[in-house]
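Breakdown of the fold
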Amino acid sequence: MTMNIWLMEGLSSQRDIIQGISAAAEASQQPISVFASHRHQRNEILSQADFALIEPAEDERRLAFIISTVEQHGIRAIHTGRNARWFESRRAEIETSGASLTTGATRVEMLDLADDKVSFAESMAQHGLPVVPSMRIDSTSQLRQLLLDSPFGDAPLCVKPVTGIYGMGFWRFDESASPMAAFTHPDSRRVHPHFYLQALDAADRVEPLVLMPWLPGPEYSIDLLVEKGSVLAAVARRKDGALQHLENSGEAYELGRACAEAMEADGLVNVQTRHDASGKPLLLEINMRPSGGIGYTRFSGVNLPGLFAMRRLGLMTAQQVRDRAIRDFSPATVRSITDVVRYQPLTNLIP
Ligand SMILES: Nc1ncnc2c1ncn2[C@@H]1O[C@H](COP(=O)(O)OP(=O)(O)OP(=O)(O)O)[C@@H](O)[C@H]1O
Ligand SMILES: [Mg+2]
């Protein structure tokens, strides 16, 4: 039985995931080898694995590359943090290689649902889960009218693209913001509605937007290890300015778990919530992939990537993972910093 796990190109935390798995492999004293691949020469990521590969740039060549790599190196489990839709729609072909596949989801429909923030909100409401009220906006005139109507009582309003990532395009409407505020202080994300509408009017086309009440917070980011819709382990990060507090209980934590289960997630995923004015957490979104901050959760003692690998390689039962996640946890506060590493040629590259 081979103990080889392969982390294919991820979005923002592939390096931390490889490090978490390597640490768990070492602690387990099992002969686990970590393979990592990326389309680009990302030596700072690939150097962290036992073996590194460069992925083909073209989608069309990826399937053959996967099949031959699994065969040549006896890969038992594949994880992807990017191109999830491509992988999920080829699950059967990929898994005939003998390796298991983790995409974050169990079916393509759920990836699509997670990518559309309005449909996601509707679906979560149908599941009886509290979610930020979300209206789809398709035109400037519609937004102009809704800003006059105040559809969410006296809450301030905000918008973001229906499909978006990295918080791009999120703006809070503020009648007291100066005309230049969005340019001089872009990070405060406040804009006078007049100037937002003016820019939207001038744009060639309107990307669909979500209009929501602005929630005061605090905000939570919950990282979860899920297996076919059943949560095995989770760590919540409560955001408090530059600090993040690691927790494993509470309303937001429970809401994150319920959301991942309703979305039938599978793998390492991330749910975000924010408290409304009455102090109740509401769902903002789920990302059906590891978050950028998943590595921070190791400071709680719970190694989510490590548990993922041990489970996927058949070295732990689901119940053992659940028990470990509870036993290992202790609260911690973390602060992220920008770091720098030496960039060197790879010594582990498989040509
Ligand atoms: N209704 C809201 N009230 C207050 N803040 C919000 C609201 N919606 C979004 N935000 C803020 O904007 C950020 C980005 O929103 P969201 O996570 O939904 O978008 P995203 O572009 O998918 O971000 P990412 O993928 O980086 O997590 C949130 O983390 C939150 O701080
Ligand atoms: Mg987000």
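Predicted model, so just to flag it, every value in this text is computed and none were measured. (Residues numbered from 1 in each chain as written. Chains lettered and ligands numbered in written order. Predicted model: local features only at pLDDT ≥ 70, side-chain atom pairs only at ≥ 80, totals over all residues. Heavy atoms only, no water.)

1. Remarks on the pattern of salt bridges
Here is the rule we go by: Throughout this description, the term salt bridge denotes a Lys or Arg side-chain nitrogen within 4 Å of a carboxyl oxygen of Asp or Glu. In DSSP terms, a helix is any run of H or I states spanning at least four residues, a strand is any run of E spanning at least two, and both are numbered starting from the N terminus. Any residue under 20% of the maximum accessible area for its type is buried, any over 50% is exposed, and the rest in between are partly exposed; the area is computed with a 1.4 Å probe on protein chains only.
Going through the model one piece at a time under the given rule, you end up with 22 salt bridges. Among the salt bridges present, the one from Lys117 reaches Glu285, with a minimum N-O distance of 3.6 Å. Of this pair, Lys117 sits in helix α7 (residues 117–126) while Glu285 is found in strand β15 (residues 281–287), placing the two residues 168 residues apart along the sequence. On the accessibility criterion, Lys117 (10% relative accessible area) is buried. For Glu285, a relative accessible area of 11% translates into the label buried. Residues Asp266 and Arg312 are paired through a salt bridge, measuring 2.9 Å at the closest nitrogen-oxygen approach. In this pair, Asp266 is assigned in the loop between α11 (251–262) and β14 (267–275) and Arg312 in helix α12 (residues 304–312), connecting sequence segments 46 residues apart. One salt-bridge network, in which partners are shared between bridges, spans Glu9, Arg39 and Arg82.

2. Looking at the coordination of the magnesium ion (ligand 2)
The cut-off we apply is this: Only N, O and S atoms count as donors, using a 2.8 Å cut-off from the metal and 3.2 Å for Na, K and Ca, and because water is excluded some sites may appear unfinished.
The protein atoms that coordinate the magnesium ion (ligand 2) are Gln272 (OE1) and Glu285 (OE), at distances of 1.9 to 2.0 Å. With Gln272 in strand β14 and Glu285 in strand β15, this pair connects stretches of sequence that are 13 residues apart. Here Gln272 and Glu285 have matching classes, each one buried.

3. Focus: the nonpolar core
What counts, and what does not: Residue types Ala, Val, Leu, Ile, Met, Phe, Trp, Tyr and Cys, when buried and joined through side-chain atoms within 4.5 Å, form a set referred to as a nonpolar core. An automatic or database domain assignment provides the domain bounds reported here. In this analysis, two residues are considered to be in contact whenever any of their non-hydrogen atoms come within 4.5 Å of each other.
Among the nonpolar cores identified, the biggest contains 37 residues, and Ile5, Leu225, Leu304 and Leu307 are the most heavily contacted of them. In terms of residue count, α12 provides more of this core than any other element does, 5 residues in total. Two domains each put at least three residues into this core: domain 1 (4–102) and domain 2 (110–114 + 216–335). Apart from the residues within four sequence positions on either side, Leu307 is in contact with Leu225, Ala233, Val302, Met316, Val321, Arg324 and Ala325. One finds Ile222, Val226, Ala260 and Ala262 within the second-largest nonpolar core, a separate group that totals 31 residues.

4. Quick notes on the sheet that holds strand β10 (residues 209–213)
So the rule is basically this: By the convention used here, strands pair only if DSSP detects at least 2 bridges between them. Here the axes come from fitting lines to C-alpha atoms, over the contacting stretch only for helices, and the angles between their N-to-C directions go from 0 to 180 degrees.
Spatial strand order, β6-β10-β7-β8-β9: 5 strands in an open sheet with mixed pairing. Each edge of the open sheet is held by one strand with a lone partner, namely β6 (135–137) and β9 (190–191). Sheet analysis places strand β7 (residues 157–161) next to strand β8 (residues 171–173), joined by 2 bridges and oriented antiparallel. Of the residues in β8, the one forming a bridge with Cys158 is Arg172. Packed onto the sheet, helix α10 (residues 193–202) meets β7, β8, β9 and β10 and runs at close to 125 degrees relative to β8.

5. What about the site of ligand 1?
In plain terms, the rule: By convention in this text, a residue qualifies as near a molecule or strand provided that one of its non-hydrogen atoms is within 4 Å of it. Polar contact is the term for a pair of N or O atoms within 3.5 Å; when the atoms are in protein, one must be able to donate a hydrogen and the other to accept it, and sequence-neighboring residues count only if both atoms are side-chain atoms. All accessibility values rest on the Shrake-Rupley procedure with a 1.4 Å probe; residue burial counts only the protein chains present in the view.
The full set close to ligand 1 counts 20 residues, and Lys117, Lys160, Gly167, Glu219 and Glu285 are the nearest of them. Between ligand 1 and Gly167 there is a distance of 2.7 Å, counted from an oxygen atom to a backbone nitrogen or oxygen. Here an oxygen atom of ligand 1 and a side-chain polar atom of Glu219 are 2.5 Å apart. For ligand 1, whose unbound accessible area comes to 610 Å², protein coverage reaches 85%. Contributing elements (two or more residues each) for the shell around ligand 1: β7, β10, β14 and β15.

6. With respect to the side chain of Asp174
In this fold, Asp174 is placed in the loop between β8 and α9 (181–184). At a separation of 2.8 Å, a polar atom in the side chain of Asp174 contacts the side chain of Arg190. Apart from the residues lying within four places of it in its own chain, the contact partners of Asp174 are Arg190, Val191, His192 and Pro193.

7. Examining helix α6 (residues 108–115)
Of all the residues in α6, the buried ones are Val108, Met110, Leu111, Leu113 and Ala114. The inward-facing, buried residues of α6 contact α4 (84–88), α7, α11 and β15.

8. Concerning the domain arrangement of the protein
For the protein, the domain assignment lists domain 1 (4–102), domain 2 (110–114 + 216–335) and domain 3 (134–213). Placing a centre on the C-alpha atoms of domain 1 and another on those of domain 3 gives a separation of 39 Å.

9. What about the UniProt feature "domain: ATP-grasp" (unreviewed entry) in the protein?
Our working definition: UniProt positions are given in the numbering used here, feature names are shortened, and annotations may be inferred rather than shown by experiment.
UniProt marks residues 121–313 with the feature "domain: ATP-grasp" (unreviewed entry), using the numbering shown here. Across residues 121–313 one finds 26% helix and 31% strand; the C-alpha atoms that close the span lie 35 Å apart.

10. A closer look at the sheet that holds strand β1 (residues 4–7)
Spatially, the 5 strands line up as an open sheet ordered β3-β2-β1-β4-β5, and their pairing is parallel. Each having just a single partner strand, β3 (51–54) and β5 (100–102) make up the two edges of the open sheet. Here the average twist between neighbouring strands, direction ignored, is 20 degrees. Here helix α1 (residues 14–28) sits on the sheet and contacts β1 and β2 (33–38); the angle it forms with β2, its principal contact strand, is near 170 degrees.

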